Amino acid sequence: FGEYAGKIDSIETEVLDFEQIGYNQETINFSNELINNDILYSKQLYDAWDPSRTSAYELLYNASDLVYAPLIDTSNVTNMGYMFGYCSDLRVVPLFDTSKVTNMADMFHACRELTSVPLFDTSKVTNMGYMFTECSGLTSIPLFNTSNVTTMRNMFYFCRALTSVPLFNTSKVTNMGYMLYNCHNLTSVPLFNTSLVTDMSYMFYGCENLTSVPEFDTSNVTNMNEMFKSCANL
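As a convention, each chain's residues are numbered from 1 in the sequence order in which they are written. In keeping with the model being predicted, local features are shown solely for residues with a pLDDT of at least 70 and side-chain atom pairs are shown and tallied solely at 80 or more, while totals for entire chains, interfaces and linings include all residues. Hydrogens and water are ignored here; the side-chain numbers use all heavy atoms of the structure.

### A closer look at the confidence of the model for the protein chain
At step 1: The pLDDT value tells you how sure the predictor is about a given residue, anywhere from 0 up to 100. On average, residues of the protein chain score 91 in pLDDT, and 88% of them are at 70 or above.
At step 2: Residue contacts are counted whenever heavy atoms from the two residues lie within 4.5 Å of one another. Scored below 50 in pLDDT, residues 2-13 shows 20 contacts in the model against residues more than four places distant or in partner chains.

If you want it as structure tokens, here you go:
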């Protein structure tokens, strides 16, 4: 998509709608009052996509003009690493087919305008490291199937608007370093299964509204460096 990753110049065109970027009426749950060029940009991306591709790695990396992600056919994709990395204006993400995806590392890295994401099928995902790093507008997160995830390092780094996170299945996770770093509005955390975790460094650094934490199993942890630094109310 490199040829479409820049800004689309203002042009005269027919009125476009969400059906032209893959959405059907059932999946349209947002306003249809749009800047026409936002949809035009998404339509060009939609038309250029090859559904036989197995990788969406850096597919729309740094596409700063992307607002409405097109609902492309991702039924063959296994890698979504950095798929929307640094899409700073991205606001709407549809429910992609992620049934074969194993890598979601950095998928929404620095998508600062994003407030929520759908409940993707993450049953085969092993890597969620940095998945929502610097998503400072993210207010909620679904209860993803994380039964095969091994790393959550930096997963919610600088997600300042999050007040809570679900009780993910973390039975295979070994790395939680920086997981909730500077989540300023986080008030509570669930009792994650940390029986295999070795790294909890900086995990809650800067969580200034956190008042308590559960009694995690730290029997295999070797690094707790500054785990609770700047947690003023803990």
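### Section: the packing of aromatic side chains
Two aromatic rings are characterised by how far apart their centres lie and by the angle between their planes.
At step 1: The criterion for an aromatic pair is that two Phe, Tyr or Trp rings (for Trp, the six-membered ring) have centres within 6.5 Å, with stacked assigned to planes under 30 degrees apart, edge-to-face to planes over 60 apart and tilted to the rest. Inspection of every chain in the model, using the stated rule, returns 25 aromatic pairs.
At step 2: Ring centres of F18 and Y23 lie 5.5 Å apart, and the angle between their planes is 70°; on these two criteria the pair is classed as edge-to-face.
At step 3: Look at F18 and you get buried, because its relative accessible area is 1%.
At step 4: Take Y23: its relative accessible area is 3%, and that puts it in the buried class. Buried means the residue's accessible area, taken with a 1.4 Å probe over protein chains only, is under 20% of the maximum for its type, while exposed means over 50%, and partly exposed covers the values in between.

### Quick notes on the state of the cysteines
At step 1: Disulfides are defined in this document as cysteine sulfur pairs within 2.5 Å. By the definition in use, this model includes zero disulfides.
At step 2: With no disulfide of its own, C87 lies 5.2 Å from the sulfur of C111, the closest cysteine sulfur.
At step 3: Residue class for C87 comes out buried when judged on its relative accessible area of 0%.

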